[in-house]
Amino acid sequence: MQVALKATSFLPGIAADPSIDPQVGKLVVGQLNPNQHAVWDRFVLDHPAGSPFHLIAWKKSIEQTFAYQDEYLIATEGGRVRGVLPLFLVKNFLIGKVLISSPFAVYGGILADSDEVRNRMCAHVRELGERLGVQHVELRNAWEEQCAGLTRISRYVTFTQTLSENEASILEAIPRKTRYMVRKSLKEGLESRRQSSDPSAFENLYSRNLRKLGTPSFPERHFKTLLENFQGTADVREVLLGDKVVAAVLCFYFRDQILPYYGASEPRYNAIAPNNFMYFDLMRWGGQNGYRMFDFGRSKKVKGAYDFKSHWGMKTRELPYEVILVKRKKLPNYTPANPAFRLPILCWQRLPLALTRALGPPLLRLLP
């Protein structure tokens, strides 16, 4: 799938919008103001490379839970929106000061309607990084068309699958071994339900799964805040065996796409494959309800989640993240794959769950 970027505005109908100061013939890049939230979202929804993480709902969620400083940039010309860049300044003793587009998101980066606008916005964010004295700027691009020729981070891939209205077609598209596990799960009496306000069962599963991986847990309010800000376009899918939640996933719904973003299951029930049931059930529900793309999300090119997703036979795409080095001289690596984190991960996996839940949120905030 290629993202076709046009050299004209995606929002021709907002030329007279009073929230934008029209300067005919002049491209202006500046900081987003609250009066522009609606036109920002309209641009994101119309842009082929847009994602839920570009929307104002993500901005509000990150601000409310983590209190990072927003530096959102918007490009306008003659009253039209021509480009946007979601951006947060993150400051702490571990990473110093960095600009990230966007924290805790797998996609981000510049959305622009032309190469000229993208390059202008890239130059602006470089100047902003120099003025703020950051170590680096990270742009989590989803598509090559977003790239501005900067230093690349080649670390992640994403998985996508086209959805059909036909449940049998979805099942047949899954490779044999995974298809067997899906069919097995369908015979185990598992059921699913949507949850849009109470993520507590999901959070309980997810925090335990993160401890097993050696990763700090999110504050519980993060998930509730997401559901509130993405009201109507996010939910939690719970998988039940009887009255017990054995798997759950927090999903975003964006245009015709489904993005299962945070997922977890109860390891004691692995024999009945609740994870396989959960994702297949979400695919068939999506296909039957007008969704045409299943975005399985980002994974590092190492064992674990990458292997699980690879076995679903989906299309794999490299994520072309870019970095502007400002004070730093070489690319940073704050992922669990960094050998420096090996011992801390092993120690974390052995801590009591209650302690990891208490210590996790402030630690996680250091590495968004």
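Because the structure is predicted, anything quoted here is derived from the model rather than measured. (Residues numbered from 1 in each chain as written. Predicted model: local features only at pLDDT ≥ 70, side-chain atom pairs only at ≥ 80, totals over all residues. Heavy atoms only, no water.)

Q: Looking at this structure, how should I read the overall build of the protein chain?
A: In terms of regular secondary structure, the protein chain is built from 11 helices and 17 strands. Relative to its length of 368 residues, the protein chain is compact, with a C-alpha radius of gyration of 21 Å against a globular reference of 21 Å. Taken along the three principal axes of its C-alpha coordinates, the protein chain extends 65 × 45 × 35 Å. Evaluated residue by residue, the protein chain yields a buried proportion of 54% over its 368 residues. About 16300 Å² of surface is accessible on the protein chain, with carbon and sulfur atoms providing 51% of the total. (Helix = DSSP H or I, 4+ residues; strand = E, 2+ residues; numbered from the N terminus. Rg over C-alpha atoms; globule rule 2.2 N^0.38 Å. Buried < 20%, exposed > 50% of the residue type's maximum accessible area, 1.4 Å probe, protein only. Areas by Shrake-Rupley, 256 points an atom, 1.4 Å probe, with all protein chains shown as cover.)

Q: What should I look at first to understand unusual backbone geometry in this one?
A: Both trends apply: most residues other than glycine have a negative phi, and most peptide bonds are in trans. Of note, the bond from S101 into S102 is cis; its omega dihedral lies within 30 degrees of zero at 5 degrees. Tracing the sequence through the fold places S102 in the loop between β6 (96-101) and β7 (111-112). In this structure, A67 is a non-glycine residue whose phi angle is positive, near 60 degrees. Looking at the secondary structure, you find A67 in the loop between α2 (56-66) and β2 (69-70). One non-glycine residue with positive phi stands out, namely R255, at about 55 degrees. Turning to its location among the elements, R255 is positioned in the loop between β13 (244-254) and β14 (257-265). By relative accessible area, which is 36% here, R255 ends up partly exposed.

Q: Explain the sheet that holds β14 here, please?
A: In any sheet, the strands associate via hydrogen bonds between backbone groups, in a parallel or an antiparallel arrangement. In spatial order, the strands read β11-β12-β13-β14-β15-β10-β16; together these seven strands make up an open sheet with mixed pairing. Across the chains shown, the open sheet's two edge strands, defined by having one partner strand only, are β11 (190-195) and β16 (315-318). For this sheet the average axis-to-axis angle between neighbouring strands, irrespective of direction, equals 30 degrees. Sheet topology note: the strand β12 (residues 234-241)/β13 ladder contains eight bridges and is antiparallel. Across the sheet, the residue bridging to A234 is F252, located in β13. (Pairing = 2+ DSSP bridges. Axes fitted to C-alpha atoms, helices over the stretch in contact; angles between N-to-C directions.)

Q: Explain the nonpolar core here, please?
A: With 57 residues, the main nonpolar core has F53, W58, F104, F218, F252 and Y262 as its most contacted residues. Once residues lying within four places of it in the same chain are set aside, the contact partners of Y262 are W58, F104, F202, Y206, F218, H222, F223, L226, A248, V249 and L250. (Core = buried A, V, L, I, M, F, W, Y, C linked by side-chain atoms within 4.5 Å. Contact = heavy atoms within 4.5 Å.)

Q: Help me understand the pattern of salt bridges in this model?
A: As a working rule, side chains carrying opposite charge can pair if their charged atoms are close by. Applying the stated rule across the entire model yields 17 salt bridges. Its salt-bridge partner being R292, residue E165 comes within 2.9 Å of it at the nearest N-O pair. Here R292 lies in the loop between α8 (274-288) and β15 (293-300) and E165 lies in the loop between β10 (156-162) and α4 (167-172), a separation of 127 residues in the sequence. Residue D281 pairs with R284 through a salt bridge whose shortest N-O separation is 3.0 Å. In this pair, D281 and R284 are both assigned in helix α8, three residues apart and thus about one turn of the helix distant. In terms of burial, D281 and R284 fall into one category: buried. Taken together, the shared-partner salt bridges in this structure form one network comprising K59, E63 and D70. (Salt bridge = Lys/Arg side-chain N within 4 Å of Asp/Glu carboxyl O.)

Q: Would you mind showing me how to read the sheet that holds strand β17 (residues 321-325) here?
A: One open sheet holds the six strands; their spatial order is β2-β5-β6-β8-β17-β9, and the pairing between them is mixed. Edge strands, defined here as strands with exactly one partner in the open sheet, are β2 and β9 (151-153). Pairing between β6 and strand β8 (residues 136-139): four bridges, direction parallel. Its bridge partner lying in β8, L99 is registered against V137. In the packing of helix α3 (residues 115-132) onto the sheet, the strands contacted are β5 (88-92), β6, β8 and β17, and the crossing angle to β6 comes to about 160 degrees.

Q: Teacher, can you tell me more about the confidence of the model for the protein chain here?
A: Close reading of the predicted structure is inappropriate where its pLDDT is low. Looking at the protein chain as a whole, its pLDDT mean stands at 90, while 92% of the residues score no less than 70. Confidence over residues 1-22 falls short of pLDDT 50; this stretch has 54 contacts with residues more than four positions distant or in other chains. (pLDDT = per-residue confidence, 0-100.)

Q: What am I meant to see in the pairing of β5 here?
A: Looking down a regular strand, the side chains alternate between one sheet face and the other. The buried count for β5 comes to four of five residues, which makes it a mostly enclosed element. Here two bridges tie β2 to β5, and the two strands are oriented antiparallel to one another. The residue bridging Q69 from the neighbouring strand is L89, located in β5. Bridge count between β5 and β6: five bridges; the pairing is antiparallel. Among the inter-strand pairings, L89 is bridged to a residue of β6, identified as L99. From the end of β5 to the start of β6, which pair antiparallel, there are three residues.

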